Structures are given as C-alpha cells and as structure tokens.
Amino acid sequence: MLELLKRFSGGFRRYFIIGPACKLLEVFFDLLTPLVIARMIDEGVGSRDAGVVLRYGVLLIGMAIIGMGFTLICQKMAALASQGMGTAIRSSLFARINEFSYAELDRFGTPSLITRITNDVNQVQLAIALGVRQLIRWPFLAVGSMIAALLIDLKLGLIFLISTPLIGLVFWLVMARCVPYFKQMQARLDRIGLITREGLSGVRVVRAFVREDHERERFRKAAFDQATVAIAVGKLSSVLNPVTFLVMNLGVCAILWMGGIQVDTGALTQGEVMAFVNYMTQTLLSIVYVANLVVVFTKASASASRVNEVLECEPSITDRGNAPVALPAASDVSRGTAAPALRMDKACFAFGDAEVNTLERVTLTLGLGQTLGIIGGTGSGKSTLVSLIPRLYDTRSGSVEVMGTDVRRWPLEQLRHVVGIVPQRASLLSGTIRSNLLWRDADATDEELWAALEIAQAADFVRKLPKGLDAPVEAGGKNFSGGQRQRLTIARALVGEPLLLILDDSASALDFKTDAALRHAIRERSAAGSAAGGLPLTTVIVSQRVSSVRDADLICVMSHGSVAGLGTHDELLATCPLYEEICLSQLKREELGSAAAPTSAGAPTPTVATSHDLPVQSAEEEGAR
Amino acid sequence: MNPYASAGSVSTVTASVSGNDNLNGDNNDSGIPRQNISGERLSTAEVTRRLLSYVRPHAGSFFISFISAAISVVLQLYTPILIGRGIDLIIDAGRVDFAALMPLVQTLALVVVGAAVFQWLQGYCVNRLCYETVRDMRIQASEKLGRMPLSFIDAHPHGDLISRVVNDVDQVGDGLLQGFTQLFTGVVTIVGTLVFMLSISVPMAIVVVLVTPLSVLAASLIAKFSNRSFGDQQRIQGQLGGYIEEYVGNQKLVEAFAHGPEARHGFDGINDELYTAGERAQFLSSLSNPGTRFINNIIYAVVAIIGCVGVITGVPAALTVGEVQTFLSYANQYTKPFNEVTSVITQIQTAYASARRLFALLDATEEVPDAPDALEISDARGDVTLSHVDFSYVKDRKLLQDICIDARSGMRFALVGPTGCGKTTLINLLLRFYDVDAGTIELDGMDTQGITRASLRRSFGMVLQDTWLFEGTVHDNIAYGKPDATREEVVEAARRAHADKFIAALPDGYDTVIGEDGGSFSAGQKQLLCIARVMLTDPAILLLDEATSSIDTRTELQVQAAFDELMAGRTSFVVAHRLSTIRNSDCILYMRDGVIEERGTHDELLALGGAYAELYNSQFAEA
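Computed from a predicted structure; not experimentally measured.

Engineer: In this structure, what is going on with the pairing of strand S1 (residues 342–349) of chain A? I would like to understand it.
Structural biologist: Side chains on a regular strand alternate between the two faces of the sheet. Relative to strand S4 (residues 397–402) of chain A, S1(A) runs antiparallel, the two being bridged by five bridges. Within the sheet, the bridge partner assigned to A:Leu342 lies in S4(A) and is A:Val402.

What follows is the structure, encoded as structure tokens:
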C-alpha cells in the first residue's frame, strides 16, 4: 500500500495534507464539545445565569458550523485524491498490461489481471478516500478523548486506560478469528455455485445415468457445510456489539462511583463528571470505527500488493534501441539474392521456468514468397512455433530471423506490421467490421479492406449485411458464426500488406471448398506481390488437415515439440512415418500421391484409418444468429 | 499450450450464461419458449406470507430474537436515564448522596449486563435463523432445478439460474431476515426513546422530536443527490469494465497486432470520464456523514441550551442537570435509527426482488412425473421402434416429422445430415429428455411413455460430444453410472475404453482429482473417460455423439477404437462424423429438415445416387 502511495501520490500531496488538516480541526471541536457543555453546566447552571448558557450554546453552534466547513474541504480533498490516484493507477496498470509479452500474460492469467485493474484498484481507491477522511478522525478522537479525560482528572482517567485497551483486545481477538472463516465461507459458497453449474451443464448425463439422488445429496452437503461455517462466524461476530456496550457502560458505572468520591472532596465538578461520561462514549465509539478502518485497510493492502505486483513486473520482451529494419528490395528478390523470409536456427522454447522444452531445436529456412505448412497433433507445439515469428515469445536458445534480421533486433511494431497473424481463436472486438479490419493499418482505404475481404472469402457475406463494412460487431464477434469470424480475422491480418502471413489453424471452421478457395486466393496474391515494392507474400499455414498443407513448398511435421520431418508432401510420404500415418488417417490410399511408399504394410486397419471428416458436417452455420 | 487461448474468464462467463451445450445446438436459436420466471406477478403480501412459511420451522429462534431485541433496546435506552440520575446525585463538594449512588450504580451495572446479554442472544438467534433458512431455501431451489424438464434448463441462461440459487438466496437471507430485525430494533428504539423522553419531560421531548427530522431530511437530500451521480459513475464504470474485459481478455491479440497504443488511448478516454463522474459521486456521497453530524451537533447544542435554561428558569420544563445529560444522550442517538431504517428499507426492497425471483423459480411448472402405473424395466433387449414421431421445440416450427425407425437388438444406426436437421433431437426423445408431440417410441415393444424415466434411462448409455466431467477423482467420474463399482471393474472399463494408459500415467492414477471443467485433460482424453463411464454400466442401447474436431488424429484413432469396442453387440444410434462409423453401420439415416430423406446401407445409398452420395463424393471436390 505504501509503495503504491509513494508511486502515485506525486500530484496529490497537497490533498493529503490539506484534507487531514481540515479534519483535525473538526475533531478538535468535537473534543471541545463535552468541555463546553461542562462549562455551560458548571458556570451557567451553577450561577443560574441563562446568558452564560446562551453564550456557550452559541459557541457550540459556531463550532459546529466551522467544523462542517472544514469537513467539506476535507471530503473534497479526499474525493480528488482518491479518484485522481485511482485513475492514475488504472491508467498505468492498463499501459503496463499492454506492454506485457505472452510470457507475463501466461504468468498472471487474464481473469486475474482483470480483477486487479477493476476490483483491486477500487479497493485501493476506497482506502485512500477513507484514509484522508477518517484515518485522522477516529484515532485522534479516541486518543484525544482519552487525553482530555486524563487532563481533567488523572485518577478518573485511569478508567479510560483500562477500558480502551480492553475493547481493542476484544476486537482484535474476534476479528483475527473471523478472517480465516470469511475465506472459508467464500470457498464454500463458490462450491455451491460450482455444483449448481455442473448440475446444469451436465443435466443430460446426470439424468441419463439416473444419478439425481446423488447430485441432490452432494448439493445438500455443500449447503450444510456452508451454513455451518456461516453460523460459526456469526457466533463470533455477534459478540462484538454487546461487549463494546458492556465495557463502555461499566466504565460509566465506575466513573459515576469514583466521580462521586472526587466531587465529594471538591476535586471535580458535576459538569466535569458529565464530560467524562461523554468522553467515554466518544472514545469507545471511535474504536468501533477504527476497527472498521482496519478491515478496509487490510483488504486494500492485499489489493495494493496485487496491483504492485503487476506494475513492478517488467515485460520480458522489449525492443529498446532497435533501429528500423530495411526491407529487402524487389530487385534482390527477382535476382534471388534476398535473405530468406524466415529462418529458425536450433530454436528452443519453454514456458516459464519449465525444465522440459516445449520446442526443441527447430531449424528451418523458408524463402520469400514460399509457403510453409506445419502439421502435427494437438500439443505438438505448432502454435507455439509460429508465435516465435512475431516475437510473441522469446526463444530460450537458438534464433529466429525474419527477412534476414534476428527478431530480437526488430522494433516490435515494425516486426508485427510485417508479420500478419491469424490466431487460432477467431476473436473480434466490439465495434464495426471496419474498426476490426483497421487494426493493422488505421488509414486503409475501403478498396484495400474489400480486397482483403475478397481474399479471405468474406466479401460475399459482408456485402449482404445491411450496413456492409459498418455492420456492428458485438464483443467477441458473437453475432457472427464461427466460420464468418474466422474469415474476418483472416481479412484483418491481410490489411496493411503483411510480408509474412501466419494462419494458425484458422480455417478449421471452413468447409473444404472455402478452405481451398482461400488458399488459392492467397497464392494468387503472393504471386502478384504486394503493392509496396512488389514483394511476394510468404505464408505459414498451421493445420491438422493434410489437405491444407499438402501443396506447401515446405511441410514441417511437429511431434512433441520437435521437428519430425521437413520436406515436400511427396518427400515426407517417403521418409516420414508419422506424416504417412497422419495422411493415412485422413486421406484414402489412392489419394496419397505417386510417391506413397508401397511398403507401408503396417498401416492401421481400414475401419480406423479412413476417418474422413464429412464436409457437410463441418460446414459452418452461415448467418447463424 | 495454445498461446491465443486467453480470456479464460470471458469465455467461461459467456459459456455459462448462454448455457447451450451441444445437444440443444439444434434448437438453440429457434428459442424454446421460456417460462416466465421474473416473479413480477407475485404480490408483496404473497411474498411475505411465503417467507414467513420458511421461518415457521425456526419459530422458536424467531420469537426469542424479537423478544430479546425488544428487551435489549429498552434496557439500552434506560441506561441514559440511570446515568442522568446518577449525575444528579453528584452535585457538589459535600453534596454527594452515596447512600443512593451505590444502589444506583449497581442497578446500572445490572441493566447494562442485561442489555448486553439480550443483544448477544438476539444476534445469535437471527444469525442462526438466517443461515439455516438460507440453507433450506438453497436446497429447495437446487432440488427444484432437478425436477425441471430439460426444456426449461435448455431455455434459460444457466448464469441466471445459478445466480438464483447462490446470490438471490443470499440477498433474501441478508436483506429480509437481518433487515427485518434491524428494522424492528430501529422502530423499537424510536418508540422507546420517545416514551422515555416523554416520561421525563414532555416539552423537552417535543423539542427533540421537532428538530430531529432535520437530520433525516438532510441525509435523504444528500442521498438523493449522490444517487444521481452514482448512477453516472456506475454506468461509466460498467463501460470501463466492459472495455477491460474485452481488451485485457484479448491482450494477446492486441500484442500480436501491436495495437497497444490505440487500446490505451481508448482506455484513457473512458478512464478520464470515470474520474470526473467518480470524483463527483464520491464527494457528494461523502457528505452524508458530516452532513448528519452537523445537524446532530446543532441539535445537541439546541437541546443543551434549552435544557440548561430549563434547569435555571423552569421554562420550558423544570429539569435537573442529570436529566439534561439524559436528553443529550437521547438527542445524540435519536436520529440514528431513522437513518438506519431508511437504509434498511432499501435493502429490504432489493431482497424482495430477489425473493420474487426465487419464488418464481420454485413455482415454475415441473416435469410431468412418471405415471403411477409406469413400468420398472430391467435387462432390456434393445429393440427400439419409432413410429410416426412428430416433435418440435416451438409450436409453429416443426422439427421432426413422421420419423419411423425400426431398430432390432444389436443393430448399428448412423445419423447423418447437415447441422440443424434434427439428429441430436432424436437422442433427446429416446431418453425422454423431451416427450414426443405425436407418434410413439417403443422399447422392446413397450411405449416408453409407460416406462419409468429412471429405468428407461438405465437401459441406455450415452456419450456426448460435449464431455461432462465433474470435480472429483478419475475413479468417481468413471463410476458415475455405477457408484458401487470396485476398483477392478473401473480399471477394466478404462482398459476397454483405451483410457487406462493415460490414467496410469497420472500422478495419482485413478485417485487423481479432476478439476473444474475437466481440468487439464485434452478433449480426447475427456471423451475416453466418458466412454469408460458408459462401458461400466453395460447398457443395452447406445447413443453416441461423435466429436467433430478438437481431437488430434492419433487420439482420434483411440477414441474410434473405444467406440467400436463399446458398440459391439449393442443397439446403437450414432450421430456420425466419420466415414468408418457410417460405412460399417447396418443402416444410415440421412436426415434433412427433420425428415429422414434416405435410409439404407452405405452401398445402397451410394447406388441410389441421392443426397448422401453427393455428400460422400463432395469431399473429393477439392480445388
């Protein structure tokens, strides 16, 4: 919490001084009130002079008005400081999250980042406001009342010295015990939610297996567990109020008795005994508030450290000091002297500090304008491999070069402009089709957008939308079908003339015909060369379908993070048993091509081997929803 | 690990809210008619009456809590009077009446202890009452969901139903039970204070009663102002939250497209708006405490002046100093219950809304129970006959029409056709998740309507594309359909489902706990576990929904083999996506728009040259 304050309080320091200072004045008046009343009684009533009473009464009212004025200033300062700092913290948090590379995002996880920037910042904000407004008020009122009481009479003041710590102790005991319970209670409530959710999502399984009784019992137990903890917490916390009341008023009993003795000897006046009673009430009520503050600050400091953790996490991938990279000239390309579009040299990669590498010594070279196909099972490292190209992750060892320059020497923005990527998960952001397509190039013309849609096989359905390019897109692109979303994300990557296009399993929701048309269009576009300098488009296609990669200039077969085969379709059929196995499971024997090894006697049995996807089955639901 | 699969929370939230699993994919956008469970129709009196019915079993605690509350409040209010009297006994040096002071202090101590004890008793009882009622309501709501027809569960967003069981019940507990006791305490305090004040001095009581509304008025004025700006703040906060969900959820995308500066720009725009609205809202709302405190201070001063003048002159009332002290205490606390009551009333209103939603759920029409004379069957042979079955989720949108299927025991049927053709609906009908509109479905010659749902369903085994595993061990998940299965039986089922190898490789083997949503298992592994689950129950008839994608080729081969093993010797209906499954079927049903267009073996249908043949051949129509 303090670190966060130090970091962000810069522009707000004056609020932090003015606010509490004003509050202090109000508290001072509050402390004076019992004394003024005591005077009113002792002097006014004692001398039977209504004028004196009135004078002190006016003083009281004056104090109330001035105190109110100062409080207003304090509240304003609190609002300015807390909201100002909250806004600043949110802004830096968002900026910091924006700088994070994939490694940091994986480490924190999206839900956690969202909680930190919303709830946690709100908690901190609340604590700052309360800090300015009340952190001074209540402790000062408690301590001040005690001091005032001691100043009036040392002996009677001793009652304060006993009762105040006593209440503090009770609060500490009860709350220290409650806190772990609160966590438990939340956990049990979450479990009730989980069981309900499981029961709804699995309703068919539950009923098909006739396990309704079991589910009922499971829920019943969870509900009982939760109630047990809740009642236990309640038992503890219901002690607080009565005990406070008890201690406070037993203190008053003592004041009356001992006060009586003191007054009898003339050491104290009647008004002063009254002041004592009032101070007692004030002190103990203040302690209740202090306890509340402690709860708020405990929560806030946990939040603050979560916020700090993000702010202090340095992004692992930066491009500091990297000069813009000169792109190859068209003349080099035609002469064939241009550097390869992509080169990986013994690239290894692991997530975090994992001992085992997710990618192991990947080496390959892809010429400008060529197509690379990457195929392999789930978890074989295909997606991870391509995410090294725009430097979304850094290699652990080895290197990745784009256009002849190591990705670590590219300015990130330029690299990511040169490399267009279509992620596996086709997500769009709320806005319009146009706003989504403009991500790579904010100045792209409508012709350019349509050209990209045309290649992505999306022009037809976009044209049919009543608003065309300005058709609204809901969060996540929910108002489009899976296939439509995929084609829009492909178009998005094509805007802004990428030199290297990565399609990460991004045709999975397309039927075979559309998929083929898409690849055909990309090939044409590659041959035509981009408008800027006539450079051809290099393509990397990740897929589980043999049909999507078989025509590639180079196919990379991935297995458990390693390259199991590298070559053309025909070469791999002859040399790579894994590739052959994948092909056999997807294509009919006669489709495998001329180079199919005639000796593949160990192929799986036909029933298992020919598990084709039926095209109509995977056809997208055009225009769904 | 897939580097783009971010936004865990975002996608799960959407998934749970939209709540569609694969089986109702057929009818998802056709919108099964929803029951009205908004609860708007329930009157307040009705809601109150029903709430009280929950309290009845705890009537003891309920009465004790109210009586203790009353006693405690009265005793608490009595203390300022005793303190005032005490002060009157301490007048001046030599004028302290110790003989009267001693018993008074003793009485005071007793009253204080009594007030504290009853206050504790009240808190304890309310708390217990509240959580036990909440628990009962929750169990009732959950069990209600268990009795609802599938059409209800498919039609209503799961997020909404979950929130009724979790949040609404909590609201009712907090708001109504605790709220009501607070309300009661507040009212007793107000009335009690008034009575005590009147008993000391009528004119002074009138003074206090006349000035205190000022404080309440101030509080409500401030609340009115701040509520308005709170609305603004909340709206912008919601906007910002949406933005954060979207952009942080898609941060990996933003990163890959170097879109950060634009994203930040958008964020800062909303963030600045939030600052303006938030600062205003916070300032206004922070006025409420000092505002009422200010009014209270004024009242305090006025009561002190008038009281002291009363002591001196006897006008407006002849008072003692101690009585002035008593009035000062009362003036101090008299306004508090008013403000508390106002805030409790808002809380109670929210709670009523929650109670309405809860009761509306409890009132929803349940599944028609089994007929009293429904048959309990066991050891079904597996003959399934559908004759002239019609079905639709929505009245005017016919889905299945005149479906006739005659499946003899052990036959394998493949259901093929475009999305939305009604294949999965058939599974819904066979298991009686939904009932037919017309026609009959017979099992071994008996109409399934005349068989108990439980025994009918026990004759079937089902594996869905959308696998369902619950939080528990691997063993428990496999043994779900046969909870008393031994470890050996479970292992044997897993072995036959080709799942034993990967289970054996898990850290705790069969005792490994599976996390929420199947934990870290791949889609293929989850499906293998579900196959093992059915393998163990050994049903006569199988309903299988093959996975279309998301399984890699090699796991797919294993799943395939497991399916084959499972189907051997059983009547089976497979929503098929793989040619191997289809080719080896005894009968292929090609469905389109709810009608069986073609039926026959693979070879027969190819020879027919119709839609199936076209579908089969289209895979070679590659560009």
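Engineer: Explain the sheet that holds strand S5 (residues 446–447) of chain B to me, please; I cannot follow it from the model alone.
Structural biologist: The strands making up a sheet are joined through hydrogen bonds of the backbone, oriented either antiparallel or parallel. Residue and element names in this part refer to chain B. One open sheet accounts for four strands, arranged S2-S1-S4-S5; its pairing is antiparallel. Either end of the sheet is taken by a strand with one partner, and the two such strands are strand S2 (400–407) and S5. Strand direction decides the pairing type here: strand S1 (residues 384–391) and strand S4 (residues 438–443), joined by five bridges, are antiparallel. Bridging across to S4, Ser387 finds its partner in Thr440. Contacts between helix H12 (residues 423–430) and the sheet are confined to S1, S2 and S4, with S1 contributing the most and set at about 115° to the helix.

Engineer: Would you mind showing me how to read the sheet that holds strand S9 (residues 500–504) of chain A here?
Structural biologist: Residues and elements named next belong to chain A. Strand order in this open sheet of six strands is S6-S9-S10-S3-S11-S12, and the pairing throughout is mixed. The sheet is open, and its two edges are formed by strand S6 (419–422) and strand S12 (562–567), each paired on a single side. Within this sheet the neighbouring strands show an average axis-to-axis angle of 15°, counted without direction. Pairing between S6 and S9: four bridges, direction parallel.

Engineer: When you look at the packing of helix H2 (residues 44–55) of chain B against helix H11 (residues 321–363) of chain B in this model, what are you seeing that I'm missing?
Structural biologist: When two helices pack together, their arrangement is captured by the angle between the axes and the distance separating the axes. Residues and elements named next belong to chain B. Viewed as axis vectors pointing N to C, H2 and H11 meet at an angle of 75°, and their least axial separation amounts to 10 Å. When the axes of H2 and H11 are compared, the pair comes out roughly perpendicular. Contacts between H2 and H11 pair Thr44, Val47, Arg50 and Leu51 from the former with Tyr352, Ala355, Arg356 and Phe359 from the latter. The class makeup of the residues in the contact of H2 with H11 is five nonpolar, one polar and two charged.

Engineer: Please explain helix H15 (residues 487–496) of chain B as it appears in this structure.
Structural biologist: What sets the pattern is the α-helix's 3.6 residues per turn: residues three or four places apart point alike. Residue and element names in this part refer to chain B. The set of residues buried in H15 consists of Val490, Val491, Ala493 and Ala494. One side of H15 holds all its buried residues, which, seen down the axis, span an arc of 160°. Those residues of H15 hidden inside the fold are in contact with helix H14 (474–478), helix H16 (500–504) and helix H17 (523–537). Phi turns positive one or two residues past the end of H15, at His498, with a value near 60°.

Engineer: Where do I start with the confidence of the model for chain B in this structure?
Structural biologist: Low-confidence regions, as indicated by low pLDDT, have predicted coordinates that should not be scrutinised in detail. Residue and element names in this part refer to chain B. Per-residue confidence for chain B gives a mean pLDDT of 83; residues scoring 70 or more make up 90%. This stretch, residues 1–30, has a pLDDT under 50; its non-local contacts, to residues over four places away or in other chains, come to 75 contacts. Interface predicted TM-score (ipTM) for the complex: 0.81; the corresponding pTM is 0.72.

Conventions we followed
- Residues numbered from 1 in each chain as written.
- Chains lettered and ligands numbered in written order.
- Predicted model: local features only at pLDDT ≥ 70, side-chain atom pairs only at ≥ 80, totals over all residues.
- Pairing = 2+ DSSP bridges.
- Helix = DSSP H or I, 4+ residues; strand = E, 2+ residues; numbered from the N terminus.
- Contact = placed C-beta atoms within 7 Å.
- Axes fitted to C-alpha atoms, helices over the stretch in contact; angles between N-to-C directions.
- Parallel < 35°, antiparallel > 145°, perpendicular 65-115°, else oblique.
- Nonpolar A, V, L, I, M, F, W, Y, C, P; charged D, E, K, R; others polar.
- Buried ≥ 20, exposed ≤ 12 C-beta atoms within 10 Å, placed from the backbone.
- Arc of directions from axis to C-beta.
- pLDDT = per-residue confidence, 0-100.

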